[in-house]
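# Geometric and topological summary
Spelled out from the first residue to the last, the chains are:
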Amino acid sequence: MKQVLCINLGNTGTADSLADAMDGWDVHPVSNLADARRLLRRAGHAVGFVLYPAHAMDRAELAVFLREHADVQWIGIVEPREIENESARQFVIEHLYDYHTTPIDHVRLAYTLGHAHGWARLRQKHADASSNGKADASPLVGGSEAMLRLRAQVGRVARVAAPVLIWGESGSGKELAAQTIHAQSERAAGPFVPINCGAIAPNLIQSELFGHERGAFTGATRAKVGLIESAHGGTLFLDEIGDLPKDLQVNLLRFLQEKTIFRVGGTRAIHVDVRVVAASHVQLHQAVAANRFREDLYYRLAVLPVNVPALRERRDDIVTLAEHFFRLYAAEKSPRLQGFSREALDAVLDHAWPGNIRELMNRVRRAMVMADGRLIMPEDLGLGLGAEGATRAATALDDARERNERSSLRESLDRSGQNVSMAARQLGISRTTMYRMLNKYSMRV
Ligand SMILES: Nc1ncnc2c1ncn2[C@@H]1O[C@H](COP(=O)(O)OP(=O)(O)OP(=O)(O)O)[C@@H](O)[C@H]1O
């Protein structure tokens with residue numbers, strides 16, 4: 001049965017009647033956007049219903065969500081009095097494939113849904129064909145549906161100048177997606193300047209980003225161009241934007257609005273022409289809700305949202321990527337080593353990849369050094385599956401993942417003599433991610 005997502009943020013009744021009346025369709029109702037994201041990632045719906053929300057805040061969040069999932073054909077259900085409203089009309093025009101007013105005529109709605117589904121499939125085939133043709137041009141390896149969608153999304157946002165907000169787990173490829181956006185944009189000949197907002201000491205971040213004038217503070221013996229200025233004509237990649245201290249969030253917002261900066265200790269406004277691509281491993285709207293991130297800055301940055309899926313959500317890519325990294329690091333291997341054994345590939349497919357693509361890359365590199373025969377064996381990858389692998393098939397994916405994550409953490413800590421930095425390196429994740437995971441599982445070092 002074909003599946004249709006139904007987003008209902010607060011309206012009542014209509015969603016249930018849709019679920020009952022749409023013969024031949026499996027209607028998945030959700031009442032919040034976190035569930036909608038989860039379901040979409042899992043089922044990859046081609047079409048969806050959107051019940052036009054009554055509250056402005058819901059509408060703003062929904063608009064961001066719909067832009068993020070513009071590959072889905074959305075059909076709006078709107079009350080007749082709402083459609084008299086210009087903002088509702090604009091919403092429909094910008095985000096929806098079609099709309100119906102209540103009371104719903106289910107026969108007519110079924111026609112629309114059928115058309116929307118056909119249209120979605122046509123667009124998907126077209127996107128597949130064009131991204132296959134350009135496969136060599138994109139550094140984003142992978143042929144899974146999720147990856148094709150990501151490549152198409154990256155290509156689309158590269159063509160426009162608005163800010164991009166990339167969300168994805170640690171090591172999933174956010175920076176590579178940002179680099180690809182830059183390389184495919186008009187600014188490709190300009191600089192790509194990455195900044196990890198979480199890695200710069202709080203007392204230095206202002207002058208690192210905005211630069212400083214000579215004598216601005218003790219030790220400032222000469223003027224310094226900041227990272228934002230050094231990206232002039234190119235793209236500024238603000239990684240882990242959620243870690244930016246709140247006082248600097250104001251400065252960044254001002255820069256995004258006015259396109260000028262002031263160096264620390266300076267009085268001259270300097271015009272800087274950069275495109276901003278930000279990334280975060282935490283859902284920024286949650287940081288907004290918790291008052292850790294400015295709402296106005298969030299909406300400025302999230303004009304074009306891009307989701308990078310976790311590796312476990314695109315399992316079709318795992319072997320392709322493992323083989324890609326094998327070729328990439330071929331110079332480091334012994335000439336005898338030919339590739340992966342069947343068992344090693346099974347182990348790779350069985351692993352939950354908490355550290356995503358970076359972990360896969362590091363494990364393949366490690367295995368290429370450890371292997372002493374013609375083929376990489378499972379133990380060369382250091383995945384430590386064993387009994388867990390056997391029981392895995394019978395358990396829910398999430399449970400299996402949590403157990404794998406725990407045991408990977410424990411093993412790497414044991415191997416590194418409880419040294420967190422070393423263990424994080426072995427797992428191919430950052431220290432921050434490592435601490436987050438230790439915290440999540442209440443593990444102590
Ligand atoms: N689709 C892909 N194809 C090939 N290589 C990839 C792909 N995605 C990521 N990589 C590689 O995996 C590594 C990790 O990716 P990247 O640094 O972009 O992740 P990230 O999400 O920015 O990580 P972090 O959250 O830790 O900053 C990089 O070496 C990158 O080149």
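Labelled according to an unreviewed UniProt entry, the protein chain appears under the name Sigma-54-dependent Fis family transcriptional regulator, originating from Massilia forsythiae.

## Comments concerning the overall build of the protein chain
For the protein chain, the helix and strand inventory stands at 19 helices and 14 strands. Intrachain contacts of the protein chain at a sequence separation of at least 6 include 70% that bridge at least 24 residues. Total accessible area computed for the protein chain in this model is approximately 21400 Å², and 51% of it derives from carbon and sulfur atoms.

## Details of the nonpolar core
Counting residues in hydrophobic clusters, the biggest one holds 34 residues, and the most contacted among them are Leu-236, Leu-238, Ile-241 and Phe-293. Secondary structure elements with two or more residues in this core: β7 (192-196), α8 (202-210), β8 (235-239), α10 (246-258), β11 (275-280), α11 (284-289) and α12 (295-301). Ignoring anything within four residues of it in the chain, the contact list for Leu-236 reads Val-193, Ile-195, Leu-227, Ile-228, Ala-231, Val-274, Arg-275, Val-276 and Val-277. Counting 23 residues, the second largest nonpolar core, distinct from the first, contains Leu-337, Trp-353, Met-368 and Leu-383.

## Let's talk about the sheet that holds strand β12 (residues 304-307)
A sheet is described by the order of its strands in space; here five strands give the open sequence β7-β8-β11-β6-β12, paired in parallel fashion. At either margin of the open sheet sits one strand with a lone partner, and together these are β7 and β12. On average, each strand axis in the sheet is tilted by 20 degrees relative to the strand beside it, whichever way the strands run. Relative to β12, strand β6 (residues 164-167) runs parallel, the two sharing four bridges. Bridge pairing in β12 places Val-164 opposite Leu-304. The strands touched by helix α6 (residues 145-158) within the sheet are β6, β11 and β12, with β12 carrying the most contacts at an inclination of about 155 degrees.

## With respect to a nonpolar patch on the surface
On the surface, Tyr-97, Trp-119 and Leu-122 cluster together into a nonpolar patch covering about 300 Å² of accessible area. Tracing the backbone through its elements, the reader meets Tyr-97 in the loop between α4 (86-95) and β5 (98-101). The partly exposed category is assigned to Tyr-97, whose relative accessible area is 31%.

## Some points on helix α19 (residues 431-440)
Within α19, burial applies to Thr-433, Met-434, Met-437 and Leu-438. One face of α19 carries all of its buried residues, which in axial projection span an arc of 135 degrees. In α19, the exposed positions that point more than 90 degrees away from the buried face belong to Thr-432 and Asn-439. Two residues or fewer past α19, Ser-442 is found with a positive phi of approximately 50 degrees.

## Concerning the layout of surface pockets
In this model, the second largest pocket occupies a volume close to 700 Å³. Of all elements in the fold, only α6, α7 (174-183), α13 (318-328), α15 (356-370) and α19 reach the threshold of two or more residues within the lining of the second largest pocket. When grouped by side-chain class, the residues that make up the lining of the second largest pocket number 13 nonpolar, 12 polar and eight charged.

## Focus on unusual backbone geometry
Following Thr-102, the chain continues into Pro-103 via a peptide bond in cis, with omega recorded as -5 degrees. Along the polypeptide, Pro-103 turns up in the loop between β5 and α5 (106-133). Within the chain, Asn-291 stands out as a residue other than glycine whose phi angle is a positive 65 degrees. Looking at the element boundaries, Asn-291 is found in the loop between α11 and α12. Positive phi, normally seen in glycine, also occurs at Asn-356, with a value near 55 degrees. Looking at the element boundaries, Asn-356 is found in helix α15. For Asn-356, a relative accessible area of 0% gives the class buried.

## Digging into empty space enclosed by the protein
If you walk through the whole model with that rule in mind, you get two cavities of 30 Å³ or more. The calculated volume of the largest cavity comes to roughly 130 Å³. If you trace the largest cavity, you find 15 residues lining it, with Glu-68, Leu-165, Trp-167, Gln-283 and Tyr-298 closest to the centre. At the level of elements, α3 (56-68), β6, α11 and β12 are the ones that each hand at least two residues to the lining of the largest cavity. It is β12 that contributes the most residues to the lining of the largest cavity, three residues altogether. Along the lines of polarity and charge, the residues of the lining of the largest cavity split into nine nonpolar, four polar and two charged. Viewed by domain, the lining of the largest cavity spans two of them, domain 1 (2-130) and domain 2 (160-307), each represented by three or more residues. In this structure, the second largest cavity encloses a volume near 30 Å³.

## Focus: the packing of α6 against α7
In contact at an axis separation of 8 Å, α6 and α7 are set at 45 degrees when each is read in the N-to-C sense. As summarised for this structure, α6 and α7 are arranged oblique, according to the angle between their axes. Where α6 crosses over α7, the handedness of that crossing is right-handed. For the pair α6 and α7, the contacting residues are Val-154, Val-157 and Ala-158 in the first and Ala-177, Thr-180 and Ile-181 in the second.

## Concerning the packing of aromatic side chains
Per the counting criterion, the structure on display carries five aromatic pairs. With centroids separated by 5.9 Å and ring planes inclined at 20 degrees, the aromatic side chains of Phe-192 and Phe-237 adopt a geometry described as stacked. With Phe-192 in strand β7 and Phe-237 in strand β8, the pair connects residues that are 45 residues apart, well separated along the chain. The two residues Phe-192 and Phe-237 agree in class, both being buried. Judged by centre distance (5.6 Å) and plane angle (55 degrees), the ring pair of Phe-326 and Phe-340 falls under tilted. On the criterion of sequence distance, the pair formed by Phe-326 in helix α13 and Phe-340 in strand β13 (residues 339-340) is long-range, its members being 14 residues apart. Residue Phe-326 shares its accessibility class with Phe-340, and that shared class is buried.

Analysis parameters
- Residues numbered from 1 in each chain as written.
- Predicted model: local features only at pLDDT ≥ 70, side-chain atom pairs only at ≥ 80, totals over all residues.
- Heavy atoms only, no water.
- Helix = DSSP H or I, 4+ residues; strand = E, 2+ residues; numbered from the N terminus.
- Contact = heavy atoms within 4.5 Å.
- Areas by Shrake-Rupley, 256 points an atom, 1.4 Å probe, with all protein chains shown as cover.
- Core = buried A, V, L, I, M, F, W, Y, C linked by side-chain atoms within 4.5 Å.
- Buried < 20%, exposed > 50% of the residue type's maximum accessible area, 1.4 Å probe, protein only.
- Pairing = 2+ DSSP bridges.
- Axes fitted to C-alpha atoms, helices over the stretch in contact; angles between N-to-C directions.
- Patch = residues over 30% accessible without salt bridge, like charges linked within 9 Å, V, L, I, M, F, W, Y side chains within 5 Å.
- Salt bridge = Lys/Arg side-chain N within 4 Å of Asp/Glu carboxyl O.
- Arc of directions from axis to C-beta.
- 1 Å grid on protein atoms, 1.4 Å probe; cavity = no way out; pocket = protein on both sides within 12 Å on 5 of 7 lines; lining within 4 Å.
- Points joined across faces, edges and corners; volume = space filled by probe spheres on them.
- Nonpolar A, V, L, I, M, F, W, Y, C, P; charged D, E, K, R; others polar.
- Domains from an automatic or database assignment.
- Parallel < 35°, antiparallel > 145°, perpendicular 65-115°, else oblique.
- Left-handed = near helix turned anticlockwise from the far one by under 90°.
- Phe/Tyr/Trp six-rings, centres within 6.5 Å; stacked < 30°, edge-to-face > 60°.

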